[in-house]
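Observations on the model geometry
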Amino acid sequence: MRWIFTLGAIMLCNSACARHYEYVYIPTKCDIKPRQAPMQSGDILQDLKAVLVYTELLKSDLDFCRGEE
């Protein structure tokens, strides 16, 4: 009988100590003008380069807004 109370006390302590953490995202205002997407020129390599440069610029803008310079 005594072990039942001991086991119950241990279970109660373990359940009370369990914590659940969640990330909370807070929206912030960032004054960056939207970039214009690259236009197709017909040359595949030139278009690919333009798209890669565009994505890098978008990534740098996003990092700036997050404060991860």
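Refer to the preceding data block for the structure.
Owing to the predicted nature of the structure, the values given are computational and were not obtained by experimental measurement.

Right, let's get into the overall build of the protein. Looking only at helices and strands, one finds 2 helices and 0 strands in the protein. Put simply, the protein shows about 7200 Å² of open surface, and 63% of that area lies on carbon and sulfur atoms.

This part is about a nonpolar patch on the surface. A cluster of nonpolar side chains, contributed by Trp3, Ile4, Leu7 and Met11, occupies part of the molecular surface with about 460 Å² of accessible area. Within the secondary structure layout, leucine 7 lies in helix H1 (residues 2-17).

With 23 residues, helix H2 (residues 44-66) extends 33 Å from end C-alpha to end C-alpha; this agrees with the ideal 33 Å at 1.5 Å per step. What H2 keeps buried is the set Asp47, Asp61 and Asp63. Where H2 terminates, the next one or two residues include glycine 67, which has phi positive at roughly 85 degrees.

The next subject is the state of the cysteines. Applying the stated criterion across every chain yields a total of 1 disulfide. Between the sulfur atoms of cysteine 30 and its disulfide partner cysteine 65 the distance amounts to 2.0 Å. Handedness of the cysteine 30-cysteine 65 disulfide follows from its S-S torsion of about -85 degrees: it is left-handed. Within this pair, whereas cysteine 30 is found in the loop between H1 and H2, its partner cysteine 65 is found in helix H2, the two being separated by 35 residues in sequence. You can call cysteine 30 partly exposed: its relative accessible area is 27%.

Turning to the side chain of aspartate 47, a few remarks are in order. If you trace the backbone, aspartate 47 turns up in helix H2. The contact partners of aspartate 47, leaving out residues within four places of it in the chain, are Met39, Gln40, Ser41 and Gly42.

Below, the discussion takes up the side chain of aspartate 61. Tracing the backbone through its elements, the reader meets aspartate 61 in helix H2. Apart from the residues lying within four places of it in its own chain, the contact partners of aspartate 61 are Ile32 and Arg35.

Here we take up the pattern of salt bridges. Enumeration according to the criterion identifies 2 salt bridges in this entry. Between arginine 35 and aspartate 61 there is a salt bridge, and its shortest N-O distance comes to 2.8 Å. One end of the pair, arginine 35, is in the loop between H1 and H2; the other, aspartate 61, is in helix H2, and 26 residues separate them in sequence. Here aspartate 63 ties to lysine 59 by a salt bridge, and the two come within 3.2 Å at their closest N and O atoms. With aspartate 63 and lysine 59 both in helix H2 and 4 residues apart, this pair spans about one turn of that helix. The partly exposed category is assigned to lysine 59, whose relative accessible area is 48%.

What counts as what
- Residues numbered from 1 in each chain as written.
- Predicted model: local features only at pLDDT ≥ 70, side-chain atom pairs only at ≥ 80, totals over all residues.
- Heavy atoms only, no water.
- Helix = DSSP H or I, 4+ residues; strand = E, 2+ residues; numbered from the N terminus.
- Areas by Shrake-Rupley, 256 points an atom, 1.4 Å probe, with all protein chains shown as cover.
- Patch = residues over 30% accessible without salt bridge, like charges linked within 9 Å, V, L, I, M, F, W, Y side chains within 5 Å.
- Salt bridge = Lys/Arg side-chain N within 4 Å of Asp/Glu carboxyl O.
- Expected span 1.5 Å × (residues − 1).
- Buried < 20%, exposed > 50% of the residue type's maximum accessible area, 1.4 Å probe, protein only.
- Disulfide = S-S within 2.5 Å.
- Contact = heavy atoms within 4.5 Å.

Remember, this is a structural readout, not a statement about activity or role.
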